[in-house]
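Listed below are the residues making up each chain.
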Amino acid sequence: EKDGEWPCCRWGHSMVVIDNGRVVVFGGESQDATCADVQVLDTATWKWESVQCTGCYPERRFGHSCVYYKGNAIVFGGSKGAGYYDDLICLDVKRWHWWRPQCTGTPPVKRSSHSMTVVGNKGFVFGGIGGDNKVSCLQDIAVLDLDTWAWAAPAVS
């Protein structure tokens, strides 16, 4: 049985577990538009909630990655259809407030359809499609320290 306001059909969105059995869905592409909404599913009640957030809302996107660390859903990259992003933006899920950390180091090139995961206090970004001057398939790894917001590009062999 459907309960609550269901999000629109979409693909290229992110879905991340936050706390207490809740998951956050952000962005994606629908039949009509690129999305920038935040939807929360409570897996205890199976009810959807559309959340109105404050702060510096990210641009609409799809093909981005999202991980959860210390109360924040952290979104990286993605596409707007005509270009790629290399930005990082965080959603404080206790206040439902978007904010941008002051990152140091060199971020990975703009990309979409990549993966990101957390190991300890590090966020690892791998692959995808994108680039600065021409679109290409990527096979690099970038590491983000999630406590200091410092990017690094390890030498991988």
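Relevant structure appears above.
None of these values were measured; they are calculated from a predicted model.

*Asks:* So what exactly am I meant to see when it comes to the overall build of the protein here?
*Replies:* Tallying secondary structure elements over the protein gives 0 helices and 14 strands in all. Ordered by position in the sequence, the α and β elements of the protein form the string β-β-β-β-β-β-β-β-β-β-β-β-β-β. Taking 15 Å as the expected radius of gyration for a compact globule of 157 residues, we find that the protein reaches 16 Å, a close match to that expectation. With respect to the principal axes defined by its C-alpha atoms, the protein has extents near 50 × 35 × 30 Å. Considering only intrachain contacts with a sequence separation of at least 6, the fraction spanning at least 24 residues in the protein is 43%. In the structure as shown, the protein presents an accessible area of about 8500 Å², 53% of it carried by carbon and sulfur atoms. The protein carries 15 positive and 17 negative side-chain charges, and their two centres are separated by 4 Å.

*Asks:* For this particular structure, what's the right way to read the pairing of strand E4 (residues 47-51)?
*Replies:* Side chains on a regular strand alternate between the two faces of the sheet. Relative to E4, strand E3 (residues 38-42) is paired through 5 bridges, and the arrangement is antiparallel. Looking at E4, one finds that Gln 39 is bridged to Ser 50. Counted between consecutive antiparallel strands, the loop separating E3 from E4 contains 4 residues, among which Trp 46 sits at a positive phi close to 60°.

*Asks:* Looking at this structure, how should I read the side chain of Asp 92?
*Replies:* Within the secondary structure layout, Asp 92 lies in strand E8 (residues 88-92). A polar contact is formed between the side chain of Asp 92 and the backbone nitrogen of Lys 94, at a distance of 2.9 Å.

*Asks:* Explain the nonpolar core to me, please; I cannot follow it from the model alone.
*Replies:* Across soluble globular proteins, nonpolar side chains show a tendency to be buried alongside one another. With 16 residues, the main nonpolar core has Val 24, Val 38, Cys 53, Leu 91, Trp 96 and Trp 98 as its most contacted residues. Sorting the residues of this core by element identifies strand E2 (22-26), E3, strand E7 (72-76) and E8 as the ones contributing at least two each. Setting aside residues no more than four positions away along its own chain, Val 24 makes contact with Ser 14, Met 15, Val 16, Ile 18, Val 38, Gln 39, Val 40 and Trp 96. Residues Ile 74, Met 116, Val 125 and Leu 144 belong to the second largest nonpolar core, which totals 13 residues.

*Asks:* Please clarify how the sheet that holds E3 should be interpreted in this entry.
*Replies:* Strand pairing in a sheet is mediated by backbone hydrogen bonds. Such pairs are either parallel or antiparallel. Strand order in the open sheet made by the 4 strands is E1-E2-E3-E4, with antiparallel pairing throughout. Strands at the two margins of the open sheet, each flanked by one partner only, are strand E1 (14-17) and E4. Across this sheet, the average inter-strand angle for adjacent strands is 25°, counted without regard to direction. In this structure, E2 lies alongside E3, joined through 5 bridges in antiparallel fashion. For Val 24, the partnering residue across the bridge sits in E3 and is Val 40.

*Asks:* I tried to follow unusual backbone geometry on my own but got confused; where do I start?
*Replies:* One can expect most non-glycine residues to show negative phi and most peptide bonds to be in trans. Although it is not a glycine, Lys 70 sits at a positive phi angle of roughly 45°. With respect to the element layout, Lys 70 can be found in the loop between strand E6 (65-69) and E7. Positioned with a positive phi, Ser 113 is a non-glycine residue whose angle comes to about 60°. Among the secondary structure elements, Ser 113 is positioned in the loop between strand E10 (111-112) and strand E11 (115-119).

*Asks:* Got a minute to help me understand the environment of Gln 31 in this structure?
*Replies:* Turning to its location among the elements, Gln 31 is positioned in the loop between E2 and E3. Residue Gln 31 is classed as exposed on the basis of its relative accessible area, which comes to 72%. Taking the C-alpha atoms as reference, Gln 31 lies 32 Å from Ala 142; in sequence the two are 111 residues apart.

*Asks:* Can you help me understand the pairing of E6 in this one?
*Replies:* Buried residues dominate E6, accounting for 4 of its 5 residues. Pairing of E6 with E7 involves 5 bridges; the strand directions are antiparallel. Looking at the pairing, Tyr 69 lines up with Asn 72 of E7. Connecting the antiparallel pair E6 and E7 is a turn made up of 2 residues, with Lys 70 showing a positive phi of about 45°.

Rules used throughout
- Residues numbered from 1 in each chain as written.
- Predicted model: local features only at pLDDT ≥ 70, side-chain atom pairs only at ≥ 80, totals over all residues.
- Heavy atoms only, no water.
- Helix = DSSP H or I, 4+ residues; strand = E, 2+ residues; numbered from the N terminus.
- Rg over C-alpha atoms; globule rule 2.2 N^0.38 Å.
- Contact = heavy atoms within 4.5 Å.
- Areas by Shrake-Rupley, 256 points an atom, 1.4 Å probe, with all protein chains shown as cover.
- Lys, Arg positive; Asp, Glu negative; His and termini not counted.
- Charge placed at Lys NZ, Arg CZ, Asp CG, Glu CD.
- Pairing = 2+ DSSP bridges.
- Polar contact = N/O pair within 3.5 Å; in protein donor to acceptor, adjacent residues only side chain to side chain.
- Core = buried A, V, L, I, M, F, W, Y, C linked by side-chain atoms within 4.5 Å.
- Buried < 20%, exposed > 50% of the residue type's maximum accessible area, 1.4 Å probe, protein only.
- Axes fitted to C-alpha atoms, helices over the stretch in contact; angles between N-to-C directions.

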